[in-house]
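Given next are the chains, with one letter for each unit.
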Amino acid sequence: GIVQRIDPDVLVIAPDGWRGTLPIEDLLHIKFTLCDVIDGPTFYEQVTGRILVEEIRPSSIIFTKGYQSSRFQDIIKRIFDLIFAMAGLVITSPLMLLTALATRLESPGPVFYLQQRVGKDGKDFNVIKFRSMRQDAEKDGPQWASENDPRVTRVGRIIRKLRIDELPQFINVIRNDMSFVGPRPERRYFVNTLEKAIPFYALRMHAKPGITGWAQINYPYGDTIEDAKEKLKFELYYMKHRTLWLDLVIIFQTLKVAIKGRGSQ
């Protein structure tokens, strides 16, 4: 039939809403004699590097390979994190000293900013960053940073653009609050909101949060629920496919992003 004439490498089956009966016998014949057959969400995942959250079913997570890491992988990742974090502290210490001095000279307040975030398995911890906003930035309550946020200081705008404000998080990695690579830790206020608005959002908290991640290098900074949903697609992809090699790719891409000064607020 059509498949024989076209002779594709792969046949993607993506019926609207997965309603109706699939031609099982025809698909089995194609699978065993002509080409590979995969479903729409799997093809989307392979091509885009993200998981189609709208099409996630519990069975697709429960019965699909991935999302777990072995004890050995966890140990290797921890050793990797410690080596990179300690090396990072040493290499960037002159830059951090300059940043601390500039922050103190420009505006009153502490050099570092401690903010409670939600970590692995929903446990709270204090993330450490260079202060990039005025000291009274959240006098009206928690809010996402926005583009050209007036609360951001001049030094803060530079260190955010170059991701220098994130450097003190090496300490969080050494303390085992965070990993080098993983989903970005969110604040409890936003987590509670996003869990209600986005299906399967809580799944991201089964991984240790990271300084950088698959979502950060693939999606620009966003401050809406729709942005959080798009980032979740990348975060779940990372959780499903995480390896040391993928971590190294993400770190390399993060350095490129930081040098270009994009993707931050």
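Description of the structure in this document. (Residues numbered from 1 in each chain as written. Predicted model: local features only at pLDDT ≥ 70, side-chain atom pairs only at ≥ 80, totals over all residues. Heavy atoms only, no water.)

**Remarks on the overall build of the chain**
Next up, step 1: Counting secondary structure elements, the chain contains eleven helices and six strands.
Next up, step 2: By the burial criterion, 43% of the 265 residues in the chain qualify as buried.
Next up, step 3: Summed over all atoms, the accessible surface of the chain reaches about 15,300 Å², with 60% contributed by carbon and sulfur. (Helix = DSSP H or I, 4+ residues; strand = E, 2+ residues; numbered from the N terminus. Buried < 20%, exposed > 50% of the residue type's maximum accessible area, 1.4 Å probe, protein only. Areas by Shrake-Rupley, 256 points an atom, 1.4 Å probe, with all protein chains shown as cover.)

**What to know about the packing of aromatic side chains**
We describe a pair of aromatic rings using the distance from one ring centre to the other and the angle between the two ring planes.
Next up, step 1: Summed over all chains, the structure comprises six aromatic pairs.
Next up, step 2: Ring centres of Phe80 and Phe84 lie 4.5 Å apart, and the angle between their planes is 35°; on these two criteria the pair is classed as tilted. With a gap of four residues between them, Phe80 and Phe84 both fall in helix α5 (residues 71-106), about one helical turn apart.
Next up, step 3: Residue classification places Phe84 among the partly exposed residues on the basis of a relative accessible area of 30%.
Next up, step 4: Ring pairing ties together the aromatic residues Phe80, Phe84, Phe170 and Phe180, which thus form one cluster. (Phe/Tyr/Trp six-rings, centres within 6.5 Å; stacked < 30°, edge-to-face > 60°.)

**Topic: unusual backbone geometry**
Next up, step 1: In this structure, Asp121 takes a positive phi of about 60° despite not being glycine.
Next up, step 2: With respect to the element layout, Asp121 can be found in the loop between β3 (112-118) and β4 (124-130).
Next up, step 3: Looking at Asp121, the relative accessible area reads 45%, which means it is partly exposed.

**Focus: the environment of Lys229**
Next up, step 1: Here Lys229 is to be found in helix α10 (residues 225-241).
Next up, step 2: Sequence-wise, Lys229 and Ile198 are 31 residues apart; in three dimensions their C-alpha atoms are separated by 6.5 Å.
Next up, step 3: The residues touching Lys229, leaving out its near neighbours within four places in the chain, are Val53, Glu54 and Ile198. (Contact = heavy atoms within 4.5 Å.)

**Some points on the side chain of Ser132**
Next up, step 1: Secondary-structure assignment places Ser132 in the loop between β4 and α6 (154-161).
Next up, step 2: At 2.7 Å, the side chain of Ser132 forms a polar contact with the side chain of Arg160.
Next up, step 3: What Ser132 contacts, discounting residues up to four positions off in sequence, is Arg151, Val152, Thr153, Gly156, Ile159 and Arg160. (Polar contact = N/O pair within 3.5 Å; in protein donor to acceptor, adjacent residues only side chain to side chain.)

**Focus on a nonpolar patch on the surface**
Next up, step 1: On the surface, a nonpolar cluster with roughly 800 Å² of combined accessible area is contributed by Phe72, Ile75, Ile76, Ile79, Ile83, Leu244, Trp245 and Leu248.
Next up, step 2: Looking at the nonpolar patch, the element that brings in the most residues is α5, giving five residues.
Next up, step 3: Inspection of the secondary structure assignment puts Phe72 in helix α5.
Next up, step 4: Using a relative accessible area of 60% as the deciding quantity, one classes Phe72 as exposed. (Patch = residues over 30% accessible without salt bridge, like charges linked within 9 Å, V, L, I, M, F, W, Y side chains within 5 Å. Salt bridge = Lys/Arg side-chain N within 4 Å of Asp/Glu carboxyl O.)

**Considering α5**
Next up, step 1: At Ser93, α5 is deflected by roughly 60°, the largest bend along its length, and proline Pro94 occurs up to four residues later in sequence.
Next up, step 2: Within α5, the full set of buried residues consists of Phe80, Asp81, Ala85, Gly88, Thr92, Met96, Thr99, Ala100 and Thr103. (Bend = angle between axes of the 7 residues up to and from the residue.)

**Some words on the pairing of β3**
Next up, step 1: By the bridge criterion, seven bridges tie β3 to β4 in an arrangement that is antiparallel. By the bridge assignment for β4, Gln116 is matched with Asn126.
Next up, step 2: Where β3 hands over to β4, the hairpin turn is made up of five residues, of which Asp121 adopts a positive phi near 60°. (Pairing = 2+ DSSP bridges.)

**As for the pattern of salt bridges**
Between side chains of opposite charge, a pair can form as their charged atoms come close.
Next up, step 1: Tallying each qualifying case throughout the model produces 13 salt bridges.
Next up, step 2: Notably, a salt bridge pairs Arg188 with Asp124, separated by 2.8 Å at the nearest N-O pair. One end of the pair, Arg188, is in helix α8 (residues 188-197); the other, Asp124, is in strand β4, and 64 residues separate them in sequence.
Next up, step 3: Its relative accessible area of 29% is what places Arg188 among the partly exposed residues.
Next up, step 4: Relative accessible area serves as the criterion here: at 39%, Asp124 is assigned to the partly exposed category.
Next up, step 5: For Lys129, the salt bridge goes to Asp165, with nearest N and O atoms at 3.8 Å. In this pair, Lys129 is assigned in strand β4 and Asp165 in the loop between α6 and α7 (169-174), connecting sequence segments 36 residues apart. An identical accessibility class is assigned to Lys129 and Asp165; each is buried.
Next up, step 6: Each of Lys129, Asp165, Glu166 and Arg184 takes part in salt bridges that share partners, so that together they form one network.

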